[in-house]
Each structure stands twice: as C-alpha cells, then as structure tokens.
Amino acid sequence: MSPPPPSLLVDDLAFAYPDGHQALFGVDLRLEPGERVALLGPNGAGKTTLVMHLNGILRGGRGRVEVAGLPVEDRTLQEVRRRVGIVFQDPDDQLFMPTVGEDVAFGPRNLGLPEPEVARRVADALAAVDMADAHTRPPHHLSFGQRRRVAVATVLSMQPEVLVLDEPSSNLDPAGRRELAEVLEQLPVTLLMVTHDLPYALQLCPRSVVLDGGVVVADGATRELLADRELLAAHRLELPFGFDPRTVG
Amino acid sequence: MGAGHGTGGGGISAMYVPGHSPVHRLEPHTKLVAVLAFALVVVLTPVHAGWAPAAYVGFLLLLLGVAALARIRPGRIVRGLVVEVPFVLFAALLPFVSRGPRVEVLGLSLSENGLAAGGSILAKATLSVLAATLLAATTDPRALLRGLDRLRLPSVLVQILTFMIRYADVVGGELARMKVARESRGFRARRVGALKVLGPAAGSLFIRSYERGERVHLAMLSRGYTGRLPTGPVAVVGGRSWAAALSLPLAAGAVLAAGSLLG
C-alpha cells in the first residue's frame, strides 16, 4: 500500500500580481498529514500571497499546488476549498452571517449537505472550539477571543484536510491566546499557521518554514530555527525580550 | 473592545421588542404580505368620500388591536412615526398651495381640496407607517430577511440587507474610534472649517468599509460561496398561519367595503 499523499504540496510556485509586483519566486512546501507547521517571515515576504494560492483564490502563476493529491484548478475549486480551511486574521471578516450558528453552517450548506448533517457538523465544530452554547448569538456579542475561536469553527465544519490560520494570536489577550492554543492542539487536522508570534509558533508547531523575498529560506525544527540568531536577524524575525527558545518547555 | 458592544444589534434592531405573543410567532413572510396588503387597502380608501375619516379610525383601531395582542405599548409604536416627518411637511403645505374653493381658518385662506388631500395623505401615511412599525416591533430583523428571501426578493438584495445588519455595528465602531482619535488630538466639530476634516474622514470610512467588503468576499469564496447565502430548513406554513396573518388586511378590507356600501 502506498503512503497517503501529502496534505499540502506546493511545487515551484511563482506568482506576480497584475500590477507587475512579483510576490513569489518558486516556493516549495510539503506538509504531511497531521503535521503542525508555522509559516514565518517579515511583512511583505509573500506569506499572504502563498496562503491565497492554497485554496485557489489566486492562481495563474508558475508551479502547482496539490491538496491531499488533488491539484488546484478550475474544476476542483469547490473541493479544494472544502479541503483547505482558511481562518482570516480579522474575525469580523470571517463571521459575516447574522448568527454564529448560521455562520458555522455556511460552508456545509454550500457543500449541499443534508440539513441533519449540517446541524451535526455545526454542533461538533462549535464543541471543538469550546463555544457550544454560542449557537444563536450574533457575532458582535462575543469577545474577540470567542470570535476568533468561532472563526476556527466556521472552517472546521467543512471537515478540512488542512487548516490555515493567518496570525491566530494577534489582538488576543493572554488568556484568549492560551485558550486558542488549547483548542488548536486538540484538532486532528494538518495545520499551517502564519504568524509573527514566535513563542506561539514554538508552542504549537514542531516545524517551521521561513519565507522571505518570495522564497523559502529555511525549513526545519522550530526550536532550532528560533535558536539561530543570524537567521532570525537576516529575515527581520525577533524573539520577545528575554525569551530563550532553548530553555522553554 | 469597547465601542458598539452589547447593544443588541445597535440601531437596526432597536425597533424590535422581543416577545412570544401570537403576533411574534407568525411566520415573517406572512406578516410582510399582511402589512403590504393592509397598506394597499388603506391607500385605496377614496380621498373625498365623506366616510373616509371614519374608515381611518377603523383602520387605526385594528392596528391598536394588533398592538394590544402583541403587547407592544402604544408609545413604542408612536416613536416609529419619526420617519414620517417629511410626509407631514409635504401634507402641511398642500392646503396653502392647492387651487380651488378656499376656506378661512384662523385668518388663513386655505384650499378645501388641499385640506382634504393633505389630511388624507397624512392619515394614510401614518396608518401605513404604524403597520410597518408593528411589523418591525414584533419581528426580529434577521427573521424579516428570511421572510423577504422566502417572498423571492432578489437574492442580491437580501444579501446586502443581511450584511447591513451584520456590519452596522462594526462600521459604527470604526466611526466611533475615528471620532475618539480626532477628539483626542483636540479636534472640535463646531467650526465651519471642521468640514475639511469630516469630509476626508467620511471618505476614509468608505474606503475602509470597501476594503472590508473585499476581505469578507474572500472569506466567503474560501468557504465555497457560489452567489447565494444558503438558508437553513424552511418551516412549512399552513393555511392557518396565513389566515391569522391576513386577518388584519381582510378586516381592513371589510372596513373599506362597509364604508363604500353604507357611506
């Protein structure tokens, strides 16, 4: 029996925006099922552009992207978007339906699932992020941390192969940050986390990839990457004051 | 998080009075049809008939009956009449500007036709607005949208209204933060020169909202959006609910019929 295909395969991906600005210059990335990987890099490194390629929002450059063996192309777009769940940075962008329950149901209903199955998935997804009682509440009644967790539920309900999080810890207070980490650690999915929060990357992701100037400049164990001061300095990555990755955990 | 927090949907759902009365429980789309039909009956009342004022009183009593059934205090409904102010101004002008035979009232020369037309515009507008206010007071805005969707209002319009409800608070919060930021640096909106600051502020709020719209659209595409907001299961509405909802316009129709037969 052959091993399962990688959850995510990015092969020599290059992309230039219509205005001529080239953001990616040949990115290679491979995520095995169940891996948790942090995507690090300074602002303008091409992280968001890469993320937009993972579910086919951006296409048309060189190279290819495959999700669990399925190439990203026009005819596979709906299935790719089911398999790759992107949680955007601002939960107010992610939660656009009038109630939490309707929002979590948005994806499954777009998949055309029967209503009992939709209800089951909504309940499961909200339970997974510890927000089971928020079903009928409007999103603007929730705290920021709760909204972020509900935003995760909105893609979990599509039962994705890969969960992509854009700056999951931004704007969270320390308790909200810890609660989200506890939720993310429990999820049985492949995780790609775009972040500037290096301690968070170390806490959640055994492996990290550094993107800068549109190429992958480092790929390895998070603890080792974060201990490499020259690497961090060369790519505008900085640890918080007093944080030493060698003595943590 | 601060601004716009915990206000129950802010300005948009401020009209809604939660409750469990029979009026609240009616399916929203049946209520929408009922209010529309009621307004039609009111508008059909002939302006110059001698019995018209009696019919208006009849319509008003019907509405008050519904309000009592829904346990909505009259004061609450009267507040809804604010939207009617422009009509009032127009109606008040008519007796002065209309032609035809004139009457003296308090030393003013007024047109008889204008008085009748102005009074009837006022009565009809007031009755229709009262009915709409009752609808808003007994129906959650989100339920109202489901009702519109069920009545086959174009999906794009329903989506725009849905997003308006969802983002009114978010945009309102942004507006409030911009105001705080301005005033923290000593800005006061009293002087005429303030417009130079407020104009660009409105522009930047528009651009921020536009950009948010783009980000929301991306988030929707990422979850398989295909052009329609998917709705949940649709409740089956029996003849009995329709009959209950339509009893209001039917009763109004009866008032109208009685007026034209007897009057």
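Residues numbered from 1 in each chain as written. Chains lettered and ligands numbered in written order. Predicted model: local features only at pLDDT ≥ 70, side-chain atom pairs only at ≥ 80, totals over all residues. Heavy atoms only, no water.

A count of helical and extended segments in chain A gives 10 helices and 10 strands. Against the 2.2 N^0.38 benchmark of 18 Å for 249 residues, chain A shows a C-alpha radius of gyration of 18 Å, consistent with a compact globule. For chain A, the residues scored as buried account for 57% of the 249 residues in total. Here the contacts in chain A between residues at least 6 apart in sequence split such that 63% fall between residues at least 24 apart. Here chain A displays about 10,500 Å² of accessible surface, and carbon together with sulfur accounts for 51% of that area. (Helix = DSSP H or I, 4+ residues; strand = E, 2+ residues; numbered from the N terminus. Rg over C-alpha atoms; globule rule 2.2 N^0.38 Å. Buried < 20%, exposed > 50% of the residue type's maximum accessible area, 1.4 Å probe, protein only. Contact = heavy atoms within 4.5 Å. Areas by Shrake-Rupley, 256 points an atom, 1.4 Å probe, with all protein chains shown as cover.)

Moving on to the packing of aromatic side chains. In the structure shown here, the tally under the stated rule is 6 aromatic pairs over all chains. Ring pairs connect the aromatic residues A:F96, A:F106, B:F163 and B:Y225, which therefore count as one cluster. (Phe/Tyr/Trp six-rings, centres within 6.5 Å; stacked < 30°, edge-to-face > 60°.)

Now for the pattern of salt bridges. Applying the stated criterion across every chain, the model contains 29 salt bridges over all chains. A salt bridge links B:R223 to A:D103; its shortest N-O distance comes to 2.8 Å. Of this pair, B:R223 sits in the loop between α9 (194–222) and α10 (239–262) while A:D103 sits in helix α4 (residues 100–110), on two different chains. Of the two residues, B:R223 and A:D103, neither departs from the other in class, the shared state being buried. For A:R207, the salt bridge identified is with A:D219, shortest N-O distance 2.9 Å. (Salt bridge = Lys/Arg side-chain N within 4 Å of Asp/Glu carboxyl O.)

So, about the side chain of B:R223. For B:R223, a relative accessible area of 0% puts it in the buried group. Contacts of B:R223, omitting those with residues within four sequence positions, involve A:Q94, A:F96, A:D103, A:F106, A:G107, A:N110, A:T154, A:V155 and A:M158.

Turning our eyes to something else, we now look at the pairing of strand β3 (residues 36–40) of chain A. Residues and elements named next belong to chain A. When you tally the buried positions in β3, you get 4 out of 5 residues, the bulk of the element. Strand direction decides the pairing type here: β3 and strand β8 (residues 190–194), joined by 4 bridges, are parallel. The residue of β8 that forms the bridge with R36 is L191. In terms of strand pairing, β3 meets strand β9 (residues 207–212) through 4 bridges, oriented parallel. In the strand pairing of β9, L40 is matched with V210. (Pairing = 2+ DSSP bridges.)

Let's shift gears to the packing of α4(A) against helix α5 (residues 115–128) of chain A. Helices that pack against each other are described as a pair by the angle of their axes relative to one another and the distance between those axes. All names here are of chain A. In contact at an axis separation of 9 Å, α4 and α5 are set at 120° when each is read in the N-to-C sense. As summarised for this structure, α4 and α5 are arranged oblique, according to the angle between their axes. Helix-helix and strand crossings are classified by hand; for α4 and α5 the assignment is right-handed. Of the residues in α5, those in contact with V100, G101, V104, A105, P108 and R109 of α4 are E115, V118, V122, A125 and L126. A per-class count over the contact of α4 with α5 returns 8 nonpolar, 1 polar and 2 charged. (Axes fitted to C-alpha atoms, helices over the stretch in contact; angles between N-to-C directions. Parallel < 35°, antiparallel > 145°, perpendicular 65-115°, else oblique. Left-handed = near helix turned anticlockwise from the far one by under 90°. Nonpolar A, V, L, I, M, F, W, Y, C, P; charged D, E, K, R; others polar.)

Contacts between chain B and chain A engage 31 residues on the former and 32 residues on the latter. Carbon and sulfur atoms supply 58% of the area that chain B and chain A bury against each other, a total of about 2,800 Å² over both sides. Two residues, B:R166 and A:D92, come together in a salt bridge whose shortest N-O distance is 2.9 Å. Our count for the contact surface shared by chain B and chain A stands at 13 residue pairs in polar contact (both at pLDDT 80 or more). (Buried area = accessible area lost by both parts, 1.4 Å probe. Polar contact = N/O pair within 3.5 Å; in protein donor to acceptor, adjacent residues only side chain to side chain.)

All names here are of chain A. In spatial order, the strands read β2-β1-β4-β5; together these 4 strands make up an open sheet with antiparallel pairing. Single-partner strands in this sheet number two, and they are β2 (22–31) and β5 (70–71). Here strand β1 (residues 8–16) runs beside strand β4 (residues 62–67); their pairing, made up of 5 bridges, is antiparallel. Bridge pairing links A14 to R62 in β4. Packed onto the sheet, helix α1 (residues 47–54) meets β1, β2 and β4 and runs at close to 120° relative to β1.

Before going further, it helps to spend a moment on the pairing of β4(A). Residues and elements named next belong to chain A. Direction of pairing for β4 relative to β5: antiparallel, over a ladder of 2 bridges. Note on β5: the bridge partner recorded for E66 is P71. Hairpin geometry of β4 and β5 is characterised by an intervening segment of 2 residues between the two adjacent antiparallel strands and by a positive phi of about 50° at A68.

Bringing α4(A) into the picture now. Since one α-helical turn is 3.6 residues long, residues separated by three or four positions face the same way. Burial of α4(A) is extensive: 10 of the 11 residues sit out of reach of the surface. The complete set of buried residues in α4(A) reads A:V100, A:G101, A:D103, A:V104, A:A105, A:F106, A:G107, A:P108, A:R109 and A:N110. Buried positions along α4(A) lie against α2 (77–83), α3 (91–94), α5 and α6 (144–156) of chain A together with α9 of chain B. Looking one or two residues beyond α4(A), the residue adopting positive phi is A:G112, at roughly 75°.

Another aspect to go through is the sheet that holds β3(A). Residues and elements named next belong to chain A. Taken in spatial order, the 6 strands make up an open sheet running β6-β7-β8-β3-β9-β10, and their pairing is mixed. This sheet does not close on itself; its edge strands, each paired only once, are β6 (84–87) and β10 (215–221). Strand-to-strand twist across the sheet, computed as the mean angle between neighbouring axes with direction ignored, equals 20°. Pairing geometry for β9 and β10, over 6 bridges, is antiparallel. Bridge assignment links V210 to a residue of β10, and that residue is A218.

As a further point, take the nonpolar core. Residue and element names in this part refer to chain A. Core analysis: the biggest nonpolar cluster contains 46 residues, and L40, V104, V152, L163 and L165 have the highest contact counts within it. The greatest single-element share of this core, amounting to 7 residues, is contributed by α6. Residues within four places of V152 in sequence aside, it is in contact with V87, V129, L163, L165, L180 and L187. By size, the runner-up hydrophobic cluster in this structure holds 42 residues, among which are L8, V80, F88 and M97. (Core = buried A, V, L, I, M, F, W, Y, C linked by side-chain atoms within 4.5 Å.)

Residue and element names in this part refer to chain B. Entries for chain B in the domain assignment read domain 1 (22–148 + 237–262) and domain 2 (154–222). Relative to domain 2, the C-alpha centre of domain 1 lies at a distance of 35 Å. Summed over both partners, the interface of domain 1 with domain 2 comes to about 330 Å²; 92% of that surface belongs to carbon and sulfur atoms. On the domain 1 side of the interface with domain 2, the three residues burying the most area are P141, L145 and L148, jointly 92% of the side's total. At the junction of domain 1 and domain 2, the tally comes to 0 salt bridges. Our enumeration of links across domain 1 and domain 2 arrives at 0 residue pairs in polar contact (both at pLDDT 80 or more). (Domains from an automatic or database assignment.)

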